[in-house]
Amino acid sequence: MSEHEETPVDLPLVPLPGSNRHSAEVIAPATVPQDSGAEIEVTVILRRQPGADTFDPSVRLSREDFAARMGADAADVASVTAALSGLGLRVLSTDLPSRRMRVAGTTAVLSRVFGTHLEAVTSRATDGTEVHHRNRTGMLMVPASLDGIITAVLGLDDRPQARAQFRVAEARAVAVSYTPLDLAEVYHFPAQFDGSGQTIALIELGGGFAQAELDTYFASLGITGPHVTAVGVDGAKNVPGADAAGADGEVLLDIEVAGALSPGANIVVYFAPNTDAGFVDAVSEATHASVTPTAISISWGQNEDAWTAQARHALDQAFVDAATLGVTVTVAAGDNGSSDGASDGRNHADFPASSPHVLACGGTSLHAVSGMVQSEVVWNNGKGAGATGGGVSDVFAIPTWQASAGVPASSRGTAGRGVPDVAAVADPTTGYEVLVDGQKKIYGGTSAVAPLWAALVARLAQAHGQPLGLLHPRLYGSVSAAPKQEGFRDITSGNNGSFAAKPGWDACTGLGVPDGTALLALLTTSAH
């Protein structure tokens with residue numbers, strides 16, 4: 001059967017759990033209807049091989065052992081390849097460790113094989129802009145012979161999946177600003193380490209950077225910057241200068257913060273489409289790269305309800321891969337307070353920050369002079385002006401290492417994972433001095449906190465002599481609802497809407513802001 005032929009009408013299909021998707025906020029049908037003969041690509045995720053070990057953060061695997069014990073089973077891959085090829089699809093690539101298959105076919109054949117209807121629409125993105133994309137609603141289906149083998153089919157609907165968690169300060173609103181080097185002093189980064197020998201991966205869903213601009217920025221700080229490499233995923237590329245007011249700002253903020261704070265590290269920037277498939281593929285490519293990164297920094301996200309369950313699960317499992325391979329993943333907790341920008345009157349945690357396998361990074365407002373802190377409180381500039389994300393997950397259960405931290409019940413009354421874990425300055429009015437497309441600007445948002453923490457992790461891993469992986473058990477230790485946790489400066493003033501700062505962990509700034517030197521001592525002690 002050729003790929004342009006239709007599959008049989010009576011093809012036996014079964015529902016794919018977790019694939020239900022609500023329609024985007026459609027403004028109008030696209031001016032050009034969806035072409036049933038146009039070829040598109042999707043990502044198919046397979047189950048782990050039978051008998052895969054239950055994830056244990058204390059057990060770290062080599063890449064070879066991981067592929068043998070936790071990747072996809074070769075027999076499953078053979079079954080999926082035979083079934084989908086026989087139905088008119090082409091398997092473009094297969095990666096057993098990350099359990100991913102990249103599949104191509106016409107819109108008509110893909111729609112029939114996966115039991116859906118795709119339409120071209122114009123819809124309203126979360127930032128208010130109009131976007132053109134393929135839209136689907138309802139459940140997906142899979143061939144009955146593959147029931148239980150395929151766990152997700154991503155990319156059929158290619159609406160924007162996430163938003164960048166940054167904000168640009170208006171010049172008149174800036175109270176004080178800092179270079180990353182100033183913040184290294186404020187947060188006591190161990191000065192004898194610079195991230196040498198470590199790799200930091202940055203996940204970007206748009207934008208780009210120019211090396212000449214990075215050179216100019218790092219020279220202005222009086223340092224030699226890191227080696228920076230761009231990697232394209234799913235057809236995306238480094239495209240600098242095309243979105244100065246948007247994604248370029250995110251990319252350059254991430255590189256400049258991570259690079260200035262860990263200049264000895266190698267930085268690899270993964271560019272992917274802003275879709276559920278692009279997000280999962282970028283994280284998987286970074287995690288399973290030939291050189292395993294020390295840290296992966298992610299400054300993109302969206303409230304948990306805006307994801308399908310299959311996409312959340314696929315991305316969370318990619319983070320399980322990362323932790324098992326010794327990678328620490330740092331993720332921005334969001335910039336829209338306890339509601340995470342939703343209009344339903346409920347509290348929402350941002351995903352992927354709400355994954356229990358990432359270090360969720362909240363934000364503060366900082367006033368410091370010459371490295372000495374005058375005040376630091378929860379970042380909250382009022383309705384519509386930005387506030388740190390934070391809250392309790394509705395979909396991820398509370399992890400054992402957080403059970404004694406005093407996490408409140410979720411908005412649905414369940415015991416959920418608390419967000420964030422850690423914090424640093426994120427208020428754009430007390431923000432970061434960066435260079436974006438030739439302009440010096442002050443940026444804020446928890447977008448800046450994720451690369452700051454990734455850079456600190458790189459320094460700590462260098463000092464430790466090995467990667468740190470899932471840090472939570474050591475960071476939380478025996479923390480209870482009241483005492484301050486070792487390695488942090490507690491933030492006890494302010495709120496992000498529904499949640500208020502308090503002694504110990506809270507749903508605004510987590511355990512607090514880092515004391516890098518104390519964290520190094522803590523990690524050194526806990527390793528013995």
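Parameters at a glance
- Residues numbered from 1 in each chain as written.
- Predicted model: local features only at pLDDT ≥ 70, side-chain atom pairs only at ≥ 80, totals over all residues.
- Heavy atoms only, no water.
- Helix = DSSP H or I, 4+ residues; strand = E, 2+ residues; numbered from the N terminus.
- Rg over C-alpha atoms; globule rule 2.2 N^0.38 Å.
- Buried < 20%, exposed > 50% of the residue type's maximum accessible area, 1.4 Å probe, protein only.
- Contact = heavy atoms within 4.5 Å.
- Areas by Shrake-Rupley, 256 points an atom, 1.4 Å probe, with all protein chains shown as cover.
- Lys, Arg positive; Asp, Glu negative; His and termini not counted.
- Charge placed at Lys NZ, Arg CZ, Asp CG, Glu CD.
- Phe/Tyr/Trp six-rings, centres within 6.5 Å; stacked < 30°, edge-to-face > 60°.
- pLDDT = per-residue confidence, 0-100.
- Pairing = 2+ DSSP bridges.
- Axes fitted to C-alpha atoms, helices over the stretch in contact; angles between N-to-C directions.
- Expected span 1.5 Å × (residues − 1).
- Arc of directions from axis to C-beta.
- Polar contact = N/O pair within 3.5 Å; in protein donor to acceptor, adjacent residues only side chain to side chain.
- Salt bridge = Lys/Arg side-chain N within 4 Å of Asp/Glu carboxyl O.
- Parallel < 35°, antiparallel > 145°, perpendicular 65-115°, else oblique.
- Nonpolar A, V, L, I, M, F, W, Y, C, P; charged D, E, K, R; others polar.
- Left-handed = near helix turned anticlockwise from the far one by under 90°.

A. Structural detail: the overall build of the chain. The helix and strand tally for the chain stands at 11 helices and 27 strands. Its C-alpha atoms give the chain a radius of gyration of 22 Å, near enough to 24 Å, the size a compact globule of 528 residues would have. Considering only C-alpha atoms, the chain reaches an extent of 70 × 50 × 45 Å along its principal axes. Looking at the chain as a whole, 57% of its 528 residues are labelled buried. Of the contacts formed within the chain by residues at least 6 apart in sequence, a portion of 79% connects residues at least 24 apart. Working note: accessible area of the chain is about 18,800 Å², and carbon and sulfur atoms make up 52% of it. In the chain, 31 positive and 55 negative side-chain charges are present, and the distance between their average locations comes to 3 Å.

B. Inspection of the packing of aromatic side chains at higher detail. Going through the model one piece at a time under the given rule, you end up with seven aromatic pairs. Judged by centre distance (6.3 Å) and plane angle (20 degrees), the rings of Phe209 and Phe271 are stacked. Placement of Phe209 in the loop between β12 (199–204) and α5 (211–220) and of Phe271 in strand β14 (residues 266–271) is noted, with a sequence separation of 62 residues between them. No difference in accessibility class separates Phe209 from Phe271, as the two residues are buried.

C. Inspection of the confidence of the model for the chain at higher detail. Overall, the predicted model of the chain reaches an average pLDDT of 92, with 94% of residues at or above 70. Within the model, pLDDT remains below 50 along residues 1–9, and this stretch shows 23 contacts once partners closer than five positions in the same chain are excluded.

D. View of the pairing of strand β16 (residues 300–303). Side chains of β16 alternate between two faces, with Trp300 and Gln302 and Gly301 and Asn303 buried alike. Of the pairings in the sheet, the one linking β16 to strand β18 (residues 350–351) comprises two bridges and is antiparallel in character. The residue of β18 that forms the bridge with Asn303 is Asp350.

E. Structural detail: the sheet that holds strand β6 (residues 119–124). With antiparallel pairing, three strands are arranged side by side in an open sheet as β2-β6-β7. Looking at which strands have only one partner, the edges of the open sheet turn out to be β2 (26–29) and β7 (130–135). Direction aside, neighbouring strands of the sheet carry axes that sit 35 degrees apart on average. Two strands pair when backbone bridges link them, and β2 and β6 are joined in this way by three bridges, in the antiparallel orientation. Pairing of Ala28 across the sheet is with Thr122, part of β6.

F. Structural context of helix α2 (residues 74–86). Across its 13 residues, α2 extends 18 Å between first and last C-alpha, which sits within 8% of the 18 Å expected from 1.5 Å per residue. Listing the buried residues of α2 in full gives Asp76, Val77, Val80, Ala83 and Leu84. Projected down its long axis, α2 shows its buried positions confined to an angular sector of 140 degrees, all on one face. In α2, those exposed residues whose orientation departs by more than 90 degrees from the buried face are Ala74 and Ala82. For α2, the elements touching its buried residues are β3 (39–46), β4 (90–95), β5 (100–106), α3 (107–113) and β9 (150–154). Where α2 begins, the capping side chain belongs to Asp73, and its oxygen is found 2.8 Å from the backbone nitrogen of Ala75. Residue Gly88 follows α2 closely and has a positive phi angle near 100 degrees.

G. Expanded view of the pattern of salt bridges. One pass over the structure, following the stated rule, counts 21 salt bridges. The closest approach of N and O atoms between Arg47 and Asp76, which form a salt bridge, is 2.8 Å. Placement of Arg47 in the loop between β3 and α1 (63–70) and of Asp76 in helix α2 is noted, with a sequence separation of 29 residues between them. Arg124 is the partner of Glu130 in a salt bridge, and the nearest nitrogen-oxygen pair spans 3.8 Å. In this structure Arg124 comes out as partly exposed when scored by relative accessible area, which is 36%. By sharing partners, the salt bridges in this structure join Glu41, Arg100, Arg102, Asp234, Asp281 and Glu285 into a single network.

H. Seen up close, helix α7 (residues 276–287). The first and last C-alpha atoms of α7 sit 17 Å apart over 12 residues, in line with the 16 Å expected at 1.5 Å per residue. In terms of residue burial, α7 counts as a mostly covered element, since 11 of its 12 residues are buried. Along α7, the residues classified as buried are Asp276, Ala277, Gly278, Phe279, Val280, Asp281, Ala282, Val283, Ser284, Ala286 and Thr287.

I. Fine view of the environment of Gly406. Residue position: Gly406 is located in the loop between β21 (391–397) and β22 (416–419). Separated by 99 residues in sequence, Gly406 and Trp505 have C-alpha atoms that sit 7.0 Å apart.

J. A look at the packing of α7 against helix α8 (residues 309–324). Two elements in contact, α7 and α8, have axes separated by 9 Å at closest approach and are oriented at 10 degrees. The angle between α7 and α8 falls in the class roughly parallel. Contacts between α7 and α8 involve Asp276, Phe279, Val280, Val283, Ser284 and Thr287 from the former and Ala311, Ala314, Leu315, Ala318, Phe319, Asp321 and Ala322 from the latter. Broken down by class, the residue content of the contact of α7 with α8 amounts to nine nonpolar, two polar and two charged.

K. The sheet that holds strand β25 (residues 439–444), seen in detail. One open sheet accounts for three strands, arranged β11-β25-β24; its pairing is antiparallel. Every interior strand has two partners, whereas the edge strands, β11 (167–168) and β24 (432–436), have only one. Of the strand pairs in this sheet, β24 and β25 are connected by five bridges, and their pairing is antiparallel. If you follow Leu435 over to β25, its bridge partner there is Lys440. Along the sheet, α5 makes contact with β24 and β25, crossing β24 at roughly 150 degrees. The strands that helix α6 (residues 247–261) touches are β24 and β25; relative to β24, the one it contacts most, it runs at about 120 degrees.

L. Focus on the packing of α5 against α6. Where α5 contacts α6, the two axes come as close as 11 Å, and the packing angle between them is 45 degrees. Between α5 and α6, the crossing angle belongs to the class labelled oblique. For α5 against α6, the interelement crossing comes out right-handed. Here α5 contributes Glu213, Leu214, Tyr217 and Phe218 to the contact with α6, which in turn contributes Leu252, Ile255, Glu256, Gly259 and Ala260. Tallied by class, residues from the contact of α5 with α6 come to six nonpolar, one polar and two charged.

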